[in-house]
Structure formats: structure tokens, C-alpha cells
Amino acid sequence: MLRNYFKIAWRNIVKRKKYTAINVSGLAIGIAACLLVFTVIKYELSYDKFQPDYKRIYHVASKYVGSGGTSYGEGVPYPAYDALKVAFPDIKTAALFQNYNSQVTILSSGDLRSDKKFLEETGIFFSDAEFFSVFKYKWLIGSPKVLNAPGAVVITKKIAEKYFGDWQSAMGNLIKLDNTVTAKISGILENIPGNTDFPLTIVASYESMKQYPDVYGYRPIWGNVTSSFQTFMLLPSNTSAEAIDKQLVSFCDEHYDNKNRNKDQIHYFLQPLKDIHFNTSIGTFGDHITSKAILWTLSIIGLFIMIMACINFINLSTAQAATRSKEIGLRKVLGSNRSQLFWQVMGETFIVAVIAMILGVLIAFICMPYIKNISSIKEKLSLINSSSILFIAIVILMITLLAGSYPSLIISGFKPARALKNKINSTNGSGISLRRVLVIIQFAMSQVLIIATIVAVNQMNYIRSSDLGYNKNAILVLNSNVDSSVMIRQPAFKHALLGIRGVEALSFSSDVPSSESNSSGDFSYDHKPDEKFELYRKLADEDYFKTYGLTIIAGRVYSKSDTTREVVVNETLAKRLGIKNYEDIIGHEIRVSKTWCTITGVVKDFKTNSMREAIKPLVLAERNSRYYYTGIKLNTSNPQKTLAAIERNWNLFFPEYLYDPTFMDDRINEFYHQENQLTLLYKLFATIAILISCLGLYGLISFMVTQKIKEVGIRKVLGASVSNIIYLFSKEFTILILIAFAIAVPVASYMMSGWLKNFAFRIDIGVEVFLLAITGSIVIAWITVGYKSLKAALANPVNSLRSE
């Protein structure tokens, strides 16, 4: 019996090749999209789950509550690490400091100026043995205790092979970090999985970092916080995070002036390890944060695509039901019951689903190498594994049930007498009403994606075209460490570069105008008590304003100096201090760290971070011991010659540092890597949704044309024009699309308004977005419907009426 079901099902599928191809194509695209989405989501949800104590590891995060609202920070002051170990002696507490854009120099015996240099953008950490009692990693050689002493470093197997060819020969070699810390390789770690927010590649001893406070910004004071220094706890199995959170309240009251209500209240709290990768309010050491909202969006979009493909199957199956009426009637007369006919049609659906699954997996395999373009996953992912096989099996089952149940019930329910008299057609009963509802749902889903795409594209265009408050074009950025020898050579290097025809200006600074870095601390204005909000700092020489095109709107730029004596503040700081006339702040003093400085000018607000964040209260000051970056303003007359001259001079003045140039606009684009990926994702899925919708429309209009071929012939004989015939077929779909649009607008508005809230600077969703979406949808539908309609309208009526 079962064999007979499948044989008949296969014959029916082969007999209707055109409609089978449409169904298989739609389902295959849907399966491929769902499989890729499932692979990405599964990977994102797996972050750091390889840690054996995953559920008991917590990050000590900070919360700042004040008149300016609530904000969060991932870092704690350096003294907090030791204080936490004293306050919680029964809890394993670990600290980790990450240094970005570190240069690693391989030292031969006695050779301190080796040409074998590597630039590591991420993965360089400083820690001690306690870290490896909280986080567990496999050691190939050595043990955590080697990190308790200065001058020791541990590297991963991958880095050892990169530097020395094979990891066994790496032990005992000397490397130099940032041309500052000379360390001996004392241990080798197994490679760290990619799905981690702790991408360790090189771990040097924490004591080594403390020996170079100026290089790494080590400030053992409670008022200094950096996001690069973070603390973690491994809670005992019988201790709850809530209990520790309560104790952290008294801990903060003890070490901070939290009882002074004129200041921001600082609180520590435990953030679970499982929350770190998904919390956009608190940063991580990893290369990206994926909010759960994005994962939900991905899941919903994948579900949308699959539902749309199933809708195509249901619509085409029920529309073709009339063509099978005699077959079903004859089977019932010969003794088939409704159950047998139901499972026969379900069998046809299952075969189509299996064929679509095979094609869908093949499409997914082809697309897999390009998955990095729509996600931040750099690892090569496995598409076929036990979980994906289970997922595919569930998808096939769901497709069979969703797409096959209703057509099976309709077809198996035909009355034999009416079926044999061929009095059943595709508009009988509630079938046409259901098909209309399904078409509305399908186009509502596609229009939600179209609107989302338009909004995302407009927002990213707004970001790219916005005035940042400074000039980002043709700015070359170089970075190096700062030590006494570098500081001595910087003036001569600057003089040499300014002598190059293509160089217009040059500035040394601790940071470029817009970056993800933040350096902040307490401050006081005009010898009053400390203000209740934090002050952010950028250290730069007097040419910073000229190089980046910053505008002074009151006063002047500070005078050249090796130390911090004069400062320039931004508009936001002046406003937060209650200054209405910016000239009134000139000459007043402000305490930055422990130094009182004179305010010489006010700079027009510029974007200090990405456009996701509001402009921060900022002070700019000189301090040449913190000038890690060199910004070079170029003209574009002969860029290649200019860049070659800059490289020659860099290698002449700083041979111990790699020449690694970047352009300012490229650095800014990196801010919005995830947003650009999400925009691309919307574009991709909107295209898939439109394609599936068009496949369904094409199938339906093809069937309608076949059903109405004689009606069209009679209308033409009676004088109907080509436009009348096209209108006959397109009017119903136009009405359905308009209804779908009315449903899609509030859904898309709600969804994209929530996404736009992630940006402090954002567009408004105007009526033009919706006009463009509905116009595009109708035009696409008319093109799809119009092709078959036009073909029917141009056909010779004699051919369709000859049998009448």
C-alpha cells in the first residue's frame, strides 16, 4: 500500500512539472535560508559554553546612576581587583587586561632589534595564574603558575606555529611586546575556540604590565577606570549571584563616596558569563556583540521565508484541486476512503519536501563560504552535523504538515458525484477566501522586509553622509607605542613629514577624534566640589585641531607644551556646566586627574564615538607621554608618492615598529560593521521574500490563465482590449497587496523604530519609506502577473474557442 502511494504520488508530481518546479524552488530557497540562519544562531548561542564552569562564572560590571541617567561599564579600577579578593576570600577572583594593536617582536639571542615583527590587533592579554582557575584551558606545555612572576608569557599553539614554525620549538624563546616588555615563552596553550569572548593568543604576566604604567595606562587609583581591565568571579556551587550583588552594594559604599547624593552612584553587580556575548550595554573582549534581538530577528525572518514557501505550496495545490476532481471521484467510486486519499496527497507533499531539502542543502553548501558577509563569524562552520540533521528532519516534517494538510483535506473531501461530473472548480467553497488570506500574509511578510531594508539603508546612508564635526577624508593614521626614545624622535619625524609636498598637517595624539575607546575620570571645575558626571579625555598636541579640521568657537587652542597646563573643552561640557556664553568659561580652571589646568578655548562638538552614542563631555589637553597615534592630513595630488615617502621616513625614524597605516574613514566604517551586515541581511532576505512571492504569483496567475482561457477568448471576440484583459487578472492581486501593506506598516514601523533607538543620531521614518515600499511591491507584482496576462491577452481567440 505504502509503495503504491509513493508510486502514484511520484506520477502526479512528474505530470505537473511546471507547478512542481515552482513548489520545489520556493521550498528549496526557504530551506537553504533557514539552514544558514540556524547555523549562525547555533554558533552565536554557543559562545564560551565550552568552559566547564560556564554557569558559575560572572563578570564584575559597573553601573553608574545619576542625574544624567543610568550607564554601564565593563571595567573596574585597578585597585578593585585586590580589594575584591580581600572582601570575598572564599571566591576565586581573576583579572584580565587586554591591549589592542600590539606589536610582537621575536628576539634572537642578544638581538633586541629583530626584523621579525608581527602586529596583533587583538588577543594580547595580561593576567596571573588566578585567571586560569576561573577559566579552564588545555595546557600543552607549562602551567598557570608561570604567570605569577614578571617576564613570563604564554602563547597558543597557533601563535607559536605562526612565529616559530612549530609549537614545540617555541618554548624558551624571547619576545618583546610593544617594544617594551621583554618576556620568555614559558607555556603553550591549546588553540582557543573561535566562539569565545576571550580570544586569548598571548597572555603575559600581570606583573609585567604593572612595571610599565605609562605604556599601558596602569593607574592604581579608584578614580581611574578603563574598559581594558576587567574582573571575573567563579562562584561556589552553593552561592547565588543575588547574594554577592547585595554584598557588592556595601563594598562600593566602602570604597566610593556613594553617600554623597550630588555625585553619581557607582554600583558593582555580577553579569553572568552567558549574558556577556549578548549585552550591548556592556562591552566584551571579543570581536563582536550579538544582541538577542538580532538573533530573534534572524529567527523570525527565517520563519517568514519558510511560511511563504509553504503558502505557495498550499495555494498552488488547492488551485489545482479542480484538475484532479475526476481522478479523486473515480478512486472513491472504486473504494478508496478519505483517509487513504489524504495520505496519498500527504505523500506527494513529503516527496516534494525531500526533493526541496536536497536542493536546499546544496544551495546552503554553495552559500556557506559567503556567510561571513552577513555575520561576524570568521571560523569555517560545519553545515552538516547531528543538530543540523535533526533540524532538517524537523523542517521536512513541518513543511509536510503545514503545506500538505490543508490541500489533502480539501482534495480527499471531494464528493464523488460532483467530482465525476467535473463540477468542482478552484473557487468552490472557502478555498478562494483562504488563498486570498494566504497571499495577503505572504505579501505582508515581504513588505515588512522591504520596509526594514529601506529604513536600514537610509540610516546607514545618513551615518555615512553626516557631519562628524571634523574632517575624516585623506587622514592617514599610524600607531606605535610611546617610550622615552620614541618621544625624543617624534619632533624630528614630524618636521621631516611636513617637508613632504603631499603632507598638509600632522598631529600626535592618544586617540583619533572618533573611536570606540573611552578614557574618563572624576573632575572639578572652578575649584568647586567634584562634578556629578564623568569627564572624558583626549590627549593631543596643538596641531590636532588643524589636522582633523576641528572648529574653535570661543577662545584659542592651547599652547605647545610637554605637560598638561592648558585645555580646550567641547560644547557639551560647557553646557553640562551651565555655561550659556562660551566666552565666559575662558580663563577658568578645571582639574583633570590631579592637575589644575586653564581653559583656553571651546571646540565645536564633534562625534567622540560612533553615532550610536551621544556626544560626551570632553576635554582636550597635551601630554606627550600618551601620544600613541600619528594623524597625517594628505592632499590628493600624488597620493602614491606621498605614501611612499611617509613609509620611508617611518622606517628611518622608527625601525623597531611595523609600518601599519590605516585611513580615518576606514576606521569609522569599522564602527558600523554589524549594522552594515544587518542591512545586507535585510537586503538578502527581502530579495528572497520577493522571489518566493513572485514564484507563487506566477504559479497562481498561470493556473488562472489556464482556467479562464475560454473566458478571455469570448471577451476578446466581444471587443475587450489587451489592457482590459490585463486588468482582469491584476486587479485582485493589487487589492490583496494593498491590504497586505496596511498590515505590514505598523509591524515594520514598530520593529525598525526599536532598531533605530540603538543610535543617538538617527533618521525619522517618513511617509516616503512606505510609499517606496508599496510602489515597489505593486510594480513587482504587476510585472509578474503582467507577463502571463499579456500572453493570454495577445493569444488568438480562435485557438481557445475552437472546441466550443
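Details of the structure are given in the entry above.
Residues numbered from 1 in each chain as written. Predicted model: local features only at pLDDT ≥ 70, side-chain atom pairs only at ≥ 80, totals over all residues. Heavy atoms only, no water.

### Things to note about a nonpolar patch on the surface
Test applied: Residues form patches when they are more than 30% accessible in relative terms and have no salt bridge. Like charges link within 9 Å. Nonpolar side chains (Val, Leu, Ile, Met, Phe, Trp, Tyr) link within 5 Å. Each accessible area is a Shrake-Rupley result for a 1.4 Å probe, and residues are judged covered by the shown protein chains and nothing else. Note on definitions: salt bridges are taken to be side-chain nitrogens of Lys or Arg within 4 Å of carboxyl oxygens of Asp or Glu. What counts as a helix is a DSSP run of H or I of at least four residues, what counts as a strand is a run of E of at least two, and both are numbered from the N terminus.
There is a patch of nonpolar side chains on the surface, built from Leu 390, Ile 394, Leu 397, Met 398, Leu 401 and Leu 402 and spanning about 560 Å² of accessible area. Secondary-structure assignment places Met 398 in helix α13 (residues 386-412).

### Overview of a positive patch on the surface
Inclusion rule: Asp and Glu are treated as the negative residues and Lys and Arg as the positive ones, with His and the ends of the chain left uncounted. By convention, the point assigned to a charge is CZ for Arg, NZ for Lys, CD for Glu and CG for Asp.
The grouping of Lys 49, Lys 55, Lys 274 and Lys 292 at the surface amounts to a positive patch. Take Lys 55: it is sitting in the loop between α2 (17-45) and β1 (57-66).

### Topic: unusual backbone geometry
Keep this limit in mind: Type-normalised accessible area, obtained with a 1.4 Å probe on protein chains alone, sets the label of each residue: buried when under 20%, exposed when over 50%, and partly exposed for intermediate values.
At Asp 178, a residue that is not glycine, the phi angle is positive and equals roughly 55°. Structurally, Asp 178 is set in the loop between β9 (174-177) and β10 (181-189). Asp 178 sits in the buried class, given a relative accessible area of 6%.

### Focus: the environment of Leu 573
This is how it is decided: The contact criterion used is simple: two residues touch if any of their non-hydrogen atoms lie within 4.5 Å.
Structurally, the position occupied by Leu 573 is in helix α18 (residues 571-576). Under the relative-accessibility criterion, Leu 573 is labelled buried at 0%. As a C-alpha pair, Leu 573 and Leu 618 span 45 residues in sequence and 6.1 Å in three-dimensional space. Setting aside residues up to four positions removed in sequence, Leu 573 forms contacts with Phe 523, Phe 533, Leu 535, Ile 590, Pro 617 and Leu 618.

### Points about the packing of aromatic side chains
For the record, the criterion: Two aromatic rings, drawn from Phe, Tyr or Trp (for Trp, its six-membered ring), form a pair once their centres lie within 6.5 Å of each other, and the interplanar angle then sorts them: stacked below 30 degrees, edge-to-face above 60, tilted otherwise.
According to the stated counting rule, one finds 39 aromatic pairs in the structure shown. Seen in terms of ring centroids, Tyr 544 and Phe 545 are 6.4 Å apart; in terms of plane orientation they differ by 85°. Their pairing is edge-to-face. Here Tyr 544 falls in the buried class, since its relative accessible area comes to 0%. An aromatic cluster is present here, built from Phe 125, Phe 131, Phe 132, Phe 135, Tyr 137, Trp 139, Phe 198, Phe 232 and Phe 285 joined pairwise through their rings.

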